[in-house]
Amino acid sequence: MRIPDPASCHVFPETGKMSDGTGRYEKRLSDLAGLYADSAAFAALLAAGDRVVYDVTEFRPSERPGDLIFGVTRMSPGRVGDEFFLTRGHIHAKSDRPEIYYGQKGTGLMQLEAPDGDTRVVEIRPQTICYVPPYWIHRSINTGEEDLVMVFSYPADSGQDYGIIERSGGMRQRVVAAPDGWALVDNAAYVPRDPEVVRELTRSPA
């Protein structure tokens, strides 16, 4: 087997870009339809322009077990009604795979949800490292007035399951603006996962 070559990429916190990535994608407001509680506010904002909410530059050397994928996420500031701009969120397709996020610019949150609905929130600021343990659903939220820029890394064979949030009607709680910054409120549309689904998601690998 040929041993992979070392590589380096430079992160530019002010622009949220990374040099020498192998791929890049962006998510516009229209890609986030159905994620926000206030559908009228979403429609009004979308009518004003289908803006980019977040973009990702990544370095993906391979998808082999033992390798790592890393990159940079840049999230715009903004709100839909009382809810801040957020990412779609996911659990890893191999749910026992972890991830780390390293804040570079701005202020935001990592909202985490265990398969049984337990919710945790980690605040992210420059030089903050957020550890996302195995088995946790997670999404990023920009609670500030400027771009939120984060470096991320996860095992290359992790994969992503974006449908897990949609199948439950969203995450169990929503993050909304509050006088002192942000607050968690219950999501009325949330459907708890079946106990067998929870057991399957948290089953240790053989």
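Data block above holds the structure.
Here's a quick rundown of the structure. (Residues numbered from 1 in each chain as written. Predicted model: local features only at pLDDT ≥ 70, side-chain atom pairs only at ≥ 80, totals over all residues. Heavy atoms only, no water.)

### A word on the pairing of strand β8 (residues 99–105)
As a reminder of what qualifies: Only protein chains enter the accessibility calculation, which uses a 1.4 Å probe; a residue is then buried when its area is under 20% of its type maximum, exposed when over 50%, and partly exposed in between. Runs of E in the DSSP output that reach at least two residues are strands. Runs of H or I that reach at least four are helices, and both are numbered from the N terminus. We treat two strands as partners when DSSP finds at least two bridges between them.
Here β8 lies mainly inside the structure; five of its seven residues are buried. Alignment of β8 against strand β11 (residues 129–132), held across four bridges, turns out to be antiparallel. Following the sheet pairing, Ile100 is matched in β11 by Tyr131. Bridge analysis of β8 against strand β13 (residues 148–155) gives five bridges, and the strand direction is antiparallel.

### Structural notes on the environment of Tyr131
Operational definition: Residue contacts are counted whenever heavy atoms from the two residues lie within 4.5 Å of one another.
Topologically, Tyr131 is positioned in strand β11. In contact with Tyr131, not counting residues within four places along its chain, are Pro98, Glu99 and Ile100.

### Structural notes on the sheet that holds strand β9 (residues 108–113)
What counts here: Here the axes come from fitting lines to C-alpha atoms, over the contacting stretch only for helices, and the angles between their N-to-C directions go from 0 to 180 degrees.
Within the open sheet, the three strands sit side by side as β10-β9-β12. Their pairing is antiparallel. Here the strands that pair on one side only, and so sit at the sheet edges, are β10 (119–124) and β12 (137–142). Looking at each pair of strands side by side, their axes are set apart by 20 degrees on average, direction ignored. Bridge analysis of β9 against β10 gives six bridges, and the strand direction is antiparallel. Among the inter-strand pairings, Leu109 is bridged to a residue of β10, identified as Glu123.

### Brief notes about the nonpolar core
The test is simple: To form a nonpolar core, buried Ala, Val, Leu, Ile, Met, Phe, Trp, Tyr and Cys residues must be joined to one another through side-chain atoms within 4.5 Å.
If you look at the biggest cluster of nonpolar residues, it comprises 29 residues, and the most contacted ones within it are Tyr36, Tyr101, Met110 and Val132. Residue assignment for this core shows that the elements contributing at least two residues are β4 (52–59), β5 (68–75), β9, β11 and β13. The greatest single-element share of this core, amounting to four residues, is contributed by β13. Not counting residues up to four positions away in its chain, the partners in contact with Tyr101 are His90, Met110, Thr128, Ile129, Cys130, Val132, His138, Ser140, Met150, Val151 and Phe152. Counting six residues, the second largest nonpolar core, distinct from the first, contains Ile91, Ile137, Ile164 and Ile165.

### Notes on the pattern of salt bridges
For the record, the criterion: Basic side-chain nitrogens of Lys or Arg form a salt bridge, by our definition, when they fall within 4 Å of a carboxyl oxygen of Asp or Glu.
For the structure shown, the criterion picks out 20 salt bridges. Of the charged contacts, one joins Asp55 and Arg74 as a salt bridge, the two residues approaching to 2.8 Å between their closest N and O atoms. Taken together, the positions of Asp55 in strand β4 and Arg74 in strand β5 put the pair 19 residues apart, joining distant regions of the chain. No difference in accessibility class separates Asp55 from Arg74, as the two residues are buried. The shortest N-O distance in the salt bridge between Arg97 and Asp96 comes to 2.9 Å. Sharing partners across several salt bridges, the network here consists of Arg24, Glu26, Arg28, Asp55, Arg74 and Asp147.

In short, geometric facts, not functional conclusions.
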